[in-house]
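Descriptive analysis of the structure
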Amino acid sequence: MAWDFETDPEYQKKLDWVAEFVRTEVEPLDLVYPNPYDRTNPEIRALMKPLQEKVKEQQLWACHLGPELGGPGYGQLKLALLNEMLGTSQWAPLVFGCQAPDSGNAEILAHFGTAEQKAKYLQPLLDGEIGSCYVMTEPQGGSDPTAFQTRAVRDGDEWVINGEKWFNSAAEFATFHIVMAVTDPDAPPHQRLSMFIVPADTPGLEIVKNFTVPGFSEHEGHLRFSNVRIPADALLGAEGLGFIVAQTRLGGGRVHHAMRTVALVRKAFDMMCERAVSRPMGRGVLGGKQMTQEKIAESWIEMEQFRLLVLRTAWRIDKEQDYRKVRHDIAAIKVAMPKVMHDIAQRAMHLHGALGVSSDLPFTDMMTYAQIMAIADGPTEVHKITLAKEVLKTYAPADPVYPTGYRPALREKARDLVATRLEHTIANL
C-alpha cells in the first residue's frame with residue numbers, strides 16, 4: 001500500500017529553488033507593478049522575460065500542462081506543492097506560466113479547440129506572448145448559466161452575439177475572449193449554451209467599464225456585445241456543449257485557486273507568529289498570552305487541515321483523471337477556502353492592532369480575497385449543495401422510524417451472535 005507524506009528529493013530541490021526565487025526576485029515586483037497582466041507595458045515585458053527564462057531552465061514552466069502541450073506533466077499533486085510557493089505574489093503565476101484565466105483557457109483550447117484554433121491562440125498563450133479572458137458571468141444571472149441572456153445567433157457563415165457580461169478578469173489586456181452564450185433558448189437548461197472564441201478587436205465588442213475590487217484587481221471588465229460577428233468556426237466544441245466546456249476549466253480553476261490560497265494562508269500565519277514573539281506585552285510578549293496562543297493553535301490546525309484536503313484532492317485528480325469523479329472533493333475545498341483564509345487573516349490583523357487594518361500591511365487585501373474566493377467560480381452555497389448531494393449518493397435508505405443505529409435491535413443481533421459463538425466454542429472444548 002502506497003501512503004506517503006514526503007516529497008521526492010529531486011522535486012524538493014526544485015521547490016526550494018522556487019521558494020528562494022519567488023521571495024527574492026518575484027515578490028518585490030508586486031510592490032512596484034501591482035498589475036503584471038499588461039503585456040503592452042514595455043517595462044513589465046522587460047522584467048518578465050528574464051524571469052520566465054529562468055523558470056524554463058528549471059523545467060517549471062506551465063506545470064499544469066502535459067508534455068504534449070509544452071509542460072513537464074508533473075500532475076496536480078506536484079502542481080499543488082508548487083502553487084504553495086506562488087500564491088503570495090501576483091507576478092509569480094505569470095512568471096511560471098500558470099496564471100488565471102490563461103491556464104484554464106488553455107485547457108479549454110487543448111480539449112476542444114480545432115487544429116487552426118490551437119495554432120492561432122493556444123501556442124502563443126502557452127508561450128506567454130498573449131493574454132486571454134474568460135467571459136461567462138452576467139449582470140442579471142451572476143454565475144448561474146441557466147439564467148444567461150447573452151445570445152449567439154447563426155447567420156449564414158457567421159455567429160452574431162448580443163448581450164452583456166461582467167466581472168471578466170483582465171479583459172482590458174486580452175488578445176481574445178472565450179465567451180459563453182445562449183445558442184438555443186428552447187433546449188434543456190444545460191444544453192442551451194455554447195462557447196466561442198472572440199478576438200478582442202472584433203467590431204461591436206466594448207468594454208463599458210472596469211470594476212475595481214480593492215486589493216485584488218482594477219480590471220474586472222463589464223463587456224457589451226452589440227451585433228458582434230464572428231466566423232462559424234469560432235465555435236469551441238459542439239453547439240450546446242458550453243456547460244460541459246465550462247466545467248472542464250472551472251474544476252481545475254477551483255483547485256488551483258485553493259492551492260494558491262494555501263500560500264496566502266501560510267503568509268498570514270507566519271506574520272501572526274512573528275508578531276506574537278516580537279510585540280512587547282506586559283512583562284513578556286504578545287505570544288505569552290493565552291488568548292494569543294489560542295489564536296495561533298486554532299490557525300495552525302485549520303491551515304494544516306485545509307492544506308491536506310487540497311493535497312488529497314490534487315492526488316485524487318491525478319488518480320482518477322476525471323474531474324467528475326472528484327466533484328465532492330473540489331466542492332469541499334471550495335467551501336473551506338474562504339473561511340480558512342478569512343479566519344486566519346482576521347486573527348493576524350487583530351494581533352497587529354491599528355497597523356493591521358491599514359493598507360501598509362496585507363491583511364485587508366487578504367480579507368477581500370477571502371470574500372472573492374467565496375464568490376468566484378461559483379458561490380459557497382452552491383458548492384455546499386454539490387458536496388451534500390454527492391455525499392448522500394453513497395448512502396442507502398433505512399427504516400424511517402428505527403435507524404440502523406437503533407440499539408435495542410442491535411443488542412438482539414449481538415446476543416444472537418454471542419450465543420452462537422459460545423455454543424460453537426463449548427462444542428469444541
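Residues numbered from 1 in each chain as written. Predicted model: local features only at pLDDT ≥ 70, side-chain atom pairs only at ≥ 80, totals over all residues. Heavy atoms only, no water.

Checked against the element boundaries, I426 lands in helix α13 (residues 407-427). Residue I426 is classed as exposed on the basis of its relative accessible area, which comes to 56%. Along the primary structure I426 and H190 are separated by 236 residues, whereas in three dimensions their C-alpha atoms are 65 Å apart. (Helix = DSSP H or I, 4+ residues; strand = E, 2+ residues; numbered from the N terminus. Buried < 20%, exposed > 50% of the residue type's maximum accessible area, 1.4 Å probe, protein only.)

Assigned domains within the protein chain: domain 1 (9-113), domain 2 (132-236), domain 3 (244-393) and domain 4 (401-428). The C-alpha-based centres of domain 1 and domain 4 are spaced at 61 Å. (Domains from an automatic or database assignment.)

Per the counting criterion, the structure on display carries 2 cavities of 30 Å³ or more. Its boundaries defined by the atoms lining it, the largest cavity holds a volume of some 120 Å³. In this structure, the largest cavity is lined by P36, R39, I44, R45, M48, K49, Q52, W61, L94, Q99 and G128. Element by element, the count of residues in the lining of the largest cavity is highest for helix α2 (residues 42-57), at 5 residues. Each residue belonging to the lining of the largest cavity can be placed in one class, and the counts come to 5 nonpolar, 3 polar and 3 charged. If you add up the space inside the second largest cavity, you get close to 80 Å³. As for the second largest cavity, its lining consists of W61, H64, L65, G97, Q99, D102, S103, A106, L125, L126 and G128. Where the lining of the second largest cavity is concerned, the elements lending two or more residues are α5 (102-112) and α6 (115-126). When residues in the lining of the second largest cavity are grouped by element, the largest group, 3 residues, is from α5. Residues belonging to the lining of the second largest cavity are distributed by class as follows: 5 nonpolar, 5 polar and 1 charged. (1 Å grid on protein atoms, 1.4 Å probe; cavity = no way out; pocket = protein on both sides within 12 Å on 5 of 7 lines; lining within 4 Å. Points joined across faces, edges and corners; volume = space filled by probe spheres on them. Nonpolar A, V, L, I, M, F, W, Y, C, P; charged D, E, K, R; others polar.)

So, on to the packing of α5 against α6. Close contact between α5 and α6 brings their axes to 10 Å; oriented N to C, the two are set at 150°. It follows from the interaxial angle that α5 and α6 lie roughly antiparallel. Crossing of α5 over α6 shows left-handed handedness. Where α5 approaches α6, its residues D102, N105, A106, L109, A110 and F112 are matched on the opposing element by Q117, K118, Y121, L122, L125 and L126. (Axes fitted to C-alpha atoms, helices over the stretch in contact; angles between N-to-C directions. Parallel < 35°, antiparallel > 145°, perpendicular 65-115°, else oblique. Left-handed = near helix turned anticlockwise from the far one by under 90°. Contact = heavy atoms within 4.5 Å.)

Quick look at the layout of surface pockets now. What the second largest pocket holds in volume is close to 600 Å³. Taken together, the elements giving at least two residues each to the lining of the second largest pocket come down to α3 (76-86) and α8 (290-320). Per-element accounting of the lining of the second largest pocket gives the leading share, 5 residues, to α8. A class-by-class count of the residues in the lining of the second largest pocket yields 9 nonpolar, 1 polar and 6 charged. A domain-level breakdown of the lining of the second largest pocket finds at least three residues from each of domain 1 (9-113) and domain 3 (244-393).

So, on to the pairing of strand β3 (residues 158-169). Looking at chain direction, strand β2 (residues 151-155) and β3 are connected through 5 bridges and run antiparallel. Bridge pairing in β3 places R154 opposite W159. If you look at the hairpin formed by β2 and β3, you'll find 2 residues sitting between the two strands, and G156 has a positive phi there, around 65°. Sheet topology note: the β3/strand β7 (residues 217-231) ladder contains 9 bridges and is antiparallel. The partner of G163 across the bridge, within β7, is F225. (Pairing = 2+ DSSP bridges.)

It is worth spelling out the side chain of H64 at this point. On the secondary structure map, H64 appears in the loop between α2 and α3. Apart from the residues lying within four places of it in its own chain, the contact partners of H64 are L79, G97, C98, S103 and H256.

Let's shift gears to the pattern of salt bridges. This structure, assessed with the given rule, holds 25 salt bridges. A salt bridge links K54 to E25, with the nearest nitrogen and oxygen atoms 3.0 Å apart. Remark: E25 occurs in helix α1 (residues 9-30) and K54 occurs in helix α2; sequence separation between them is 29 residues. A relative accessible area of 31% means that E25 is categorised as partly exposed. For E412, the salt bridge goes to R415, with nearest N and O atoms at 3.1 Å. Here E412 and its partner R415 are both found in helix α13, 3 residues apart, which amounts to about one turn of the helix. Accessibility expressed as a relative area gives 43% for E412, which makes it partly exposed. (Salt bridge = Lys/Arg side-chain N within 4 Å of Asp/Glu carboxyl O.)

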